[in-house]
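Take a look at the letters that make up each chain.
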Amino acid sequence: MNKFLFALGVSALSPLVLAKPTIVTSIKPVSMVVAAIAGDHAEIQQIVSSTASPHDFAMRPSDLRKISNADTVVWVGESLERFLEKPLKNAGKEQSSIEWLALEGMSLHNFAEEAHDDEGEEHEEHKEHEGHEGHEEHEGHNHDGVDPHVWLSPDNARVLAKAVAARLVSLDAENATYYEGNLATFEKGLTAKDAEIRQALSKVSTVPYIVFHDGYSYFEQHYGLSHSGEITVSPERKPGAKKVAEIRREIEEHKVQCVFSEPQFSPAIVEILLEGSSVKTAPLDPLGGNVAMGKNAYFSFLDNLSGQFLSCLG
């Protein structure tokens with residue numbers, strides 16, 4: 001009888017024990033910031049796998065179920081993850097979601113138009129995949145032409161962390177002190193990590209390089225780096241012969257020291273560009289595919305990315 005009552009007690013209490021807020025995230029960098037604040041008090045479900053790119057992602061039925069069951073969806077915004085617009089609307093989750101690009105206090109960059117002048121068709125392809133097609137607005141926020149890779153700025157990560165903390169406190173008031181403590185720890189750690197990386201990268205700030213695609217402006221401007229060009233405007237579109245010849249000229253003219261590839265896309269085009277050249281190459285991973293998830297994941301991500309720059313430019 002006592003065992004029976006004990007079993008009943010456990011059964012009755014278990015929903016309370018397991019009732020953690022469910023936060024659905026779009027991509028891994030979003031998950032990193034959410035994890036820093038949520039710790040083990042919330043369940044994080046990521047939609048785009050860590051080895052995939054959001055540029056050409058297609059939703060699956062399991063992803064739609066995640067959105068439907070989420071307490072909050074945290075995403076970058078329609079200019080990166082256009083595939084989320086309709087599912088969020090259909091599930092009635094637009095108002096309860098956190099759109100990083102739309103948060104107050106964000107520092108946003110526009111794509112440099114001069115980078116696209118010679119590749120009009122490629123620019124149109126980029127606009128289509130990035131969600132800029134037709135100059136559409138989402139919930140009153142026009143992000144046409146905005147570079148959506150905002151997670152590459154520590155300042156923008158701080159803005160999201162504050163928004164996530166506020167949302168978790170509203171969802172789970174009993175653990176408000178825990179979330180607020182995690183936010184304070186994250187902000188303090190971010191300030192220290194930022195200063196450490198800034199000092200390390202200052203040694204290579206004048207070394208010219210080429211990136212795989214024009215998506216690093218937040219990191220580059222924050223740390224005083226400046227790339228000499230990019231291989232492609234749109235990551236899922238291979239550059240034509242004209243673009244390849246142009247990049248080879250840039251490599252010679254600017255005395256480029258490194259051409260970066262990305263693990264989410266084939267390095268074949270980089271190999272073609274550098275054939276017969278002594279220019280170095282290394283992968284830059286803007287999504288942190290190999291970073292272990294946890295409360296310090298975003299710091300590890302910044303470490304990895306700065307290390308990738310240093311390994312090729314130093």
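Look above for the structure.
Residues numbered from 1 in each chain as written. Predicted model: local features only at pLDDT ≥ 70, side-chain atom pairs only at ≥ 80, totals over all residues. Heavy atoms only, no water.

### Quick word on helix α7 (residues 176–201)
Test applied: What counts as a helix is a DSSP run of H or I of at least four residues, what counts as a strand is a run of E of at least two, and both are numbered from the N terminus. In this scheme, a helix's expected span is set at 1.5 Å multiplied by one less than its residue total. Relative accessible area decides the class of each residue, using a 1.4 Å probe on protein chains only: under 20% of the type maximum gives buried, over 50% gives exposed, and in between gives partly exposed. Whether two residues are in contact is decided by their heavy atoms, any of which lying within 4.5 Å being enough.
Compared with the 38 Å implied by 1.5 Å per residue over 26 residues, the 37 Å span of α7 between its first and last C-alpha is a close match. Buried within α7 are the following residues: Ala176, Tyr179, Asn182, Leu183, Phe186, Leu190, Lys193, Asp194, Ile197 and Leu201. Those residues of α7 that are buried lie in contact with α2 (28–38), α6 (154–171), α8 (217–223) and α11 (297–313).

### With respect to the pattern of salt bridges
Selection rule: By definition, a salt bridge exists where a carboxyl oxygen of Asp or Glu is found within 4 Å of a side-chain nitrogen of Lys or Arg.
Throughout the structure, instances matching the rule amount to 6 salt bridges. Two residues, Glu85 and Arg82, come together in a salt bridge whose shortest N-O distance is 3.8 Å. Look at Glu85 and you get buried, because its relative accessible area is 16%.

### Describing α11
Compared with an ideal rise of 1.5 Å per residue, which puts 17 residues at 24 Å, α11 spans 24 Å between its outermost C-alpha atoms and is within 8% of the ideal. Restricting attention to buried positions, one finds in α11 the residues Ala297, Tyr298, Phe299, Phe301, Leu302, Leu305, Ser306, Gln308, Phe309, Cys312 and Leu313.

### Observations regarding the pairing of strand β7 (residues 258–261)
The following threshold applies: By the convention used here, strands pair only if DSSP detects at least 2 bridges between them. For a crossover, the right-handed case is the one in which the path from the first strand over the helix to the second runs clockwise, viewed with the strands pointing away from the viewer.
Burial along β7 is two-sided: the residues Cys258 and Phe260 and Val259 and Ser261 are all buried. Taken together, the 2 bridges between strand β5 (residues 209–213) and β7 define a ladder with parallel strand orientation. Residue Ile210 lies in a different strand from β7, and its bridge partner there is Val259. Sheet topology note: the β7/strand β8 (residues 280–283) ladder contains 4 bridges and is parallel. Each residue of the ladder has a partner; that of Ser261, found in β8, is Pro283. Remark: the β7/helix α10 (residues 268–273)/β8 crossover connection has right-handed handedness.

### Considering the packing of α7 against α11
Rules: Only C-alpha atoms enter the line fits that serve as axes; for helices the fit covers just the stretch in contact. Angles between N-to-C directions range over 0 to 180 degrees. By the definition adopted for this analysis, an angle is roughly parallel if under 35 degrees, roughly antiparallel if over 145, roughly perpendicular if from 65 to 115, and oblique otherwise. We call Asp, Glu, Lys and Arg charged. Ala, Val, Leu, Ile, Met, Phe, Trp, Tyr, Cys and Pro are nonpolar, and the rest, Gly among them, are polar.
Look at α7 against α11: their axes get within 10 Å of each other, and the N-to-C directions meet at 5°. By the criterion of interaxial angle, the relationship of α7 to α11 is roughly parallel. Contacts between α7 and α11 involve Phe186, Gly189, Leu190, Lys193, Glu196, Ile197, Ala200 and Leu201 from the former and Tyr298, Phe299, Leu302, Asp303, Ser306, Phe309 and Leu310 from the latter. For the contact of α7 with α11, the class distribution of residues is 10 nonpolar, 2 polar and 3 charged.

### Examining the side chain of Ser153
As for its position among the elements, Ser153 is in the loop between α5 (120–130) and α6. With relative accessibility at 6%, the residue Ser153 sits in the buried group. Once residues lying within four places of it in the same chain are set aside, the contact partners of Ser153 are Tyr218 and Tyr298.

### As for the sheet that holds strand β6 (residues 229–232)
Judged by pairing direction, the sheet is parallel, and its 4 strands sit side by side in the order β6-β5-β7-β8 without closing on themselves. Sheet topology places β6 and β8 at the edges, where each strand pairs with a single neighbour. On average, each strand axis in the sheet is inclined to that of its neighbour by 25°, with strand direction left out of account. Relative to β6, helix α9 (residues 241–253) is tilted by about 155°, and along the sheet it contacts β5, β6 and β7.

### A look at the packing of aromatic side chains
Selection criterion: Pairing of aromatic rings covers Phe, Tyr and Trp, the last through its six-membered ring, and needs centres within 6.5 Å; plane angles under 30 degrees mean stacked, over 60 mean edge-to-face, and all others mean tilted.
Within the structure shown, the criterion is met by 11 aromatic pairs. Relative to Tyr179, the ring of Tyr178 lies with its centre 5.6 Å away and its plane at 70°, an arrangement referred to as edge-to-face. Using a relative accessible area of 24% as the deciding quantity, one classes Tyr178 as partly exposed. Overall, Tyr179 belongs to the buried group, its relative accessible area being 0%. Judged by centre distance (5.4 Å) and plane angle (10°), the ring pair of Phe219 and Phe309 falls under stacked. With Phe219 in helix α8 and Phe309 in helix α11, this residue pair connects regions lying 90 residues apart in the sequence. For Phe219, a relative accessible area of 0% puts it in the buried group. Its relative accessible area of 0% is what places Phe309 among the buried residues.

### Regarding the environment of Val207
With respect to the helices and strands, Val207 occurs in the loop between α7 and β5. A relative accessible area of 16% means that Val207 is categorised as buried. When neighbours within four sequence positions are excluded, Val207 is seen to be in contact with Gln257 and Leu313.

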